[in-house]
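Chain residues, written in single-letter form:
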Amino acid sequence: MAESPRDWFASTDSAGDWMAVDGPDHDIVVTTRIRLARNVAGFPFRARLDAAKARAVESHLAERLKKLELAADQAYLRLADLSSLETELLFERHCISKDLARELDGPRAVFFSRRKNLSVMVNEEDHLRLQVLGPGRSPEALLEQLCDLDARIGAQVAYATHPRFGHLTSCPTNVGTGLRISVMLHLPALVWSKEIEKVFDAAGKMKLAVRGYHGEGTSYVGDFFQVSNQVTLGKSVDRLLADVTKVLPKLVDWERDVRRGVRKEKTRTLEDRIWRAYGVLRHARRMTSTEAIELLSSVRLGVCLGLLPQLPLRLVNELLVLSQPAHVQLLAGRELDDDSRDLARADYLRKRLAETG
Amino acid sequence: MTEFCQRCQTEAAKVHVTEIDKDGGKVLLHLCEGCAKGHGLPASTPPTVLAVFKELVDKASTVSRTRDRQCPECGITFAEFKAKGRFGCAHDYDAFLARVVPLLERVHGASEHLGPGDAVAAAAVPDPSATASGAAPAAPAPVLPPPARKSAADQAAQELKRLRRELVRVVKSEAYEEAARLRDRIQALEKDLAKGFEVDG
Ligand SMILES: [Zn+2]
Ligand SMILES: [Zn+2]
């Protein structure tokens, strides 16, 4: 069944599949994303890439990437050939970055397989950004998958490298390995208890960055945070991965401890907050995407604590994606202005939650 | 270790601020102390060892800042790089070597791709012979020197590394005279290295 990528856009079946619904810490560790930054030798970086050269980079890479046999469902898409809604759908499914979707101009493209959750962005901040996305805590397997992809692209494309500095990148914060491991965590209890600031400090001391739902430069909403490595130079990819993964159990335990404490000492407050969020999602007539994510975050916590047994976690994860602007329009089957979107979102959430009783 | 300030992109971010953006979403800002002050926030901490060290390193590089050299390949100046935080081409890492090295030390705590214990993972950098066939027309295949060969430049780089570690140590112990002496040696060595790279092309 060779579906075109547009079938994938048109369907909402697997929109939330990159989030974890099982595994040891799936209640807290939502998803892992790993990326590699690469540039093509002989071309200037993006800051000095004129229009003609940007086109040359894109066609140089298009030709080589299309030759790879990555997966049966692989596709190479130029952003210029997509509607802005389709581009946003790719962004909301974390298939492409916010920068590629919204901030950058010129000839950009993405080569991806949604079944393998692999994507290669062309003309992002670097000529190439390879990324793999997977639910929860399976970073070793994901890294292996990504390094394999890197080797296969590296056999076709001459990367810009340096004998001392390794892989050269537009921004010196990525030089060396070009590796960024980002683990998305759901930390509602730490936010409620205001201990999240301590997480930022602790992460900083461990050379890790904490960022928002969509990564670098994005707001943090719904108590979702991405923890990622800061250092990319001077250590092997395996050691960089270990630096991130060794911190995860600590953060998970921390969130669990606070959850336990809140549950024991502020049972009523907690229950009220979760049921109130559920009530609003179940009955509201107008809702922004930010409000939806905030409420779904509380409901997600309720599901993980067993307070809302009728709701499957898979549905909550799915609704987190489907309540975002482009997906609301996809579900409506047409473009909507802000206000109509907020109405359509509330309608959809009401309907889906009513189905579960 | 150090995250860049999201405002100026050049200083280390020391202050974490939560702000409400125009859409009503919360934004977490990582700012340096200077930008945090400009943001109407108190600086979080008294000057740290790192800040003092940075000041010394900055002073050390002011001498080479007398004229703002351009990258011969893409024409970018270091000031332009600093303003945007992005290099113009792969050559910039060598063109501004004397300033790139301390920058990388500050950001990554290292200025070499892999340490001695990481030889196995060197596979992360592709073997140039494997990429030769698919190389871009204008691209000289990246040449990685065989690890066994130790050039004078490598030795100088090693020495530079040692001196920088030493500098961190003496700054911590507040031995500022010793620090100044080390700074001068580092500076001289960096100049030599930069020159060497220019001659080598
Ligand atoms: Zn700043
Ligand atoms: Zn240049």
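None of these values were measured; they are calculated from a predicted model.

## What to know about the overall build of chain B
Each helix and strand counted, chain B has 8 helices and 2 strands in total. Secondary structure elements in chain B, listed N-terminal to C-terminal, are β-β-α-α-α-α-α-α-α-α. Scored against the burial criterion, the 201 residues of chain B give a buried share of 42%. A fraction of 45% describes how many contacts in chain B between residues 6 or more apart in sequence connect residues 24 or more apart. Accessible surface, chain B: about 10800 Å² in total, of which carbon and sulfur atoms supply 57%.

## A word on the overall build of chain A
In terms of regular secondary structure, chain A is built from 14 helices and 10 strands. The C-alpha radius of gyration computed for chain A amounts to 21 Å, which stays within 12% of the reference 21 Å derived for 357 residues, consistent with globular compactness. For chain A, the spread of C-alpha atoms along the principal axes amounts to about 65 × 45 × 35 Å. Within chain A, the fraction of its 357 residues that count as buried is 62%. Sequence-distant contacts, at least 24 apart, represent 71% of the contacts inside chain A between residues at least 6 apart.

## Notes on the coordination of the zinc ion (ligand 2)
Residues and elements named next belong to chain B. Looking at the metal site, the zinc ion (ligand 2) is ligated by Cys71 (SG), Cys74 (SG), Cys89 (SG) and Asp92 (OD), spaced 1.9 to 2.3 Å from it. Relative to the metal, the 4 donor atoms surrounding the zinc ion (ligand 2) lie at angles of 92 to 117°, and the coordination shape comes out tetrahedral. The sequence motif formed by the donor residues of the zinc ion (ligand 2) is C-x2-C-x14-C-x2-D.

## Description of the packing of aromatic side chains
Residues and elements named next belong to chain A. If you walk through the whole model with that rule in mind, you get 8 aromatic pairs over all chains. A ring pair is formed by phenylalanine 200 and phenylalanine 225, whose centres lie 5.9 Å apart and whose planes are at 65°; its orientation type is edge-to-face. Of this pair, phenylalanine 200 sits in helix α7 (residues 196-205) while phenylalanine 225 sits in strand β10 (residues 224-229), placing them 25 residues apart in sequence. Just as phenylalanine 200 is buried, phenylalanine 225 falls in that class too. Ring geometry for tryptophan 275 versus tyrosine 278: centroids 5.7 Å apart, planes at 85°, classification edge-to-face. On the criterion of helical spacing, the pair formed by tryptophan 275 and tyrosine 278 is a turn pair, its members being 3 residues apart in helix α10 (residues 267-283). Classification of tyrosine 278 as buried rests on a relative accessible area of 7%. The ring centre of tyrosine 159 lies 5.5 Å from the NZ or CZ of arginine 38, which sits over that ring.

## Let's talk about unusual backbone geometry
Residues and elements named next belong to chain A. With phi around 60°, histidine 94 is a residue other than glycine that occupies positive phi space. Relative to the helices and strands, histidine 94 is located in the loop between α3 (84-92) and α4 (98-103). The buried category is assigned to histidine 94, whose relative accessible area is 5%. Phi at lysine 207 takes a positive value of approximately 60°, unusual for a residue other than glycine.

## Points about the pattern of salt bridges
Residue and element names in this part refer to chain A. Under the definition given, this model contains 25 salt bridges over all chains. A salt bridge links aspartate 243 to lysine 235, with the nearest nitrogen and oxygen atoms 2.7 Å apart. Take aspartate 243 and lysine 235: they sit in the same class, and that class is buried. For arginine 345, the salt bridge is made with aspartate 342, and the minimal N-O distance between the two is 2.9 Å. Residue arginine 345 and its partner aspartate 342 are both found in helix α14 (residues 338-355); the two are separated by 3 residues, about one turn of the helix. Several salt bridges converge on common partners, so that one network encompasses Asp25, Asp27, Glu255, Arg256 and Arg259.

## Side note on the packing of helix α13 (residues 325-332) of chain A against α14(A)
Residues and elements named next belong to chain A. Packing of α13 against α14 brings their axes to within 10 Å, and their N-to-C directions diverge by 75°. Classified by the angle between their axes, α13 and α14 sit roughly perpendicular to one another. For the pair α13 and α14, contact is made by Pro325, Val328, Gln329 and Leu331 and by Arg341, Ala344, Arg345 and Tyr348, respectively. Of the residues that constitute the contact of α13 with α14, the class distribution is 5 nonpolar, 1 polar and 2 charged.

## A short note on the side chain of Asp150(A)
Relative to the helices and strands, Asp150(A) resides in helix α5 (residues 139-154). Within the local environment of Asp150(A), its side chain forms a polar contact with the side chain of Tyr159(A), the two groups lying 3.0 Å apart.

## With respect to the pairing of strand β3 (residues 109-113) of chain A
A regular strand places its side chains on the two faces of the sheet in alternate fashion. Residue and element names in this part refer to chain A. Among the 5 residues of β3, 5 are classified as buried, and the element is accordingly described as predominantly covered. A two-sided burial pattern is seen for β3, the buried positions comprising Ala109, Phe111 and Ser113 on one face and Val110 and Phe112 on the other. Note that strand β2 (residues 75-78) and β3 share 4 bridges and pair antiparallel. Looking at the pairing, arginine 78 lines up with alanine 109 of β3. Where β3 meets strand β4 (residues 118-122), 5 bridges bridge the pair, whose relative direction is antiparallel. Its bridge partner being in β4, phenylalanine 112 is matched across the sheet by serine 119. Hairpin connection from β3 to β4: 4 residues lie between these consecutive antiparallel strands, with asparagine 117 at a positive phi of about 55°.

Reading guide: rules and limits
- Residues numbered from 1 in each chain as written.
- Chains lettered and ligands numbered in written order.
- Predicted model: local features only at pLDDT ≥ 70, side-chain atom pairs only at ≥ 80, totals over all residues.
- Heavy atoms only, no water.
- Helix = DSSP H or I, 4+ residues; strand = E, 2+ residues; numbered from the N terminus.
- Buried < 20%, exposed > 50% of the residue type's maximum accessible area, 1.4 Å probe, protein only.
- Contact = heavy atoms within 4.5 Å.
- Areas by Shrake-Rupley, 256 points an atom, 1.4 Å probe, with all protein chains shown as cover.
- Rg over C-alpha atoms; globule rule 2.2 N^0.38 Å.
- Donors = N, O, S within 2.8 Å, 3.2 Å for Na, K, Ca; no water.
- Tetrahedral: all angles 85-135°; square planar, octahedral: opposite > 155°, others 65-115°.
- Phe/Tyr/Trp six-rings, centres within 6.5 Å; stacked < 30°, edge-to-face > 60°.
- Lys NZ or Arg CZ within 6 Å of the ring centre and 35° of its normal.
- Salt bridge = Lys/Arg side-chain N within 4 Å of Asp/Glu carboxyl O.
- Axes fitted to C-alpha atoms, helices over the stretch in contact; angles between N-to-C directions.
- Parallel < 35°, antiparallel > 145°, perpendicular 65-115°, else oblique.
- Nonpolar A, V, L, I, M, F, W, Y, C, P; charged D, E, K, R; others polar.
- Polar contact = N/O pair within 3.5 Å; in protein donor to acceptor, adjacent residues only side chain to side chain.
- Pairing = 2+ DSSP bridges.

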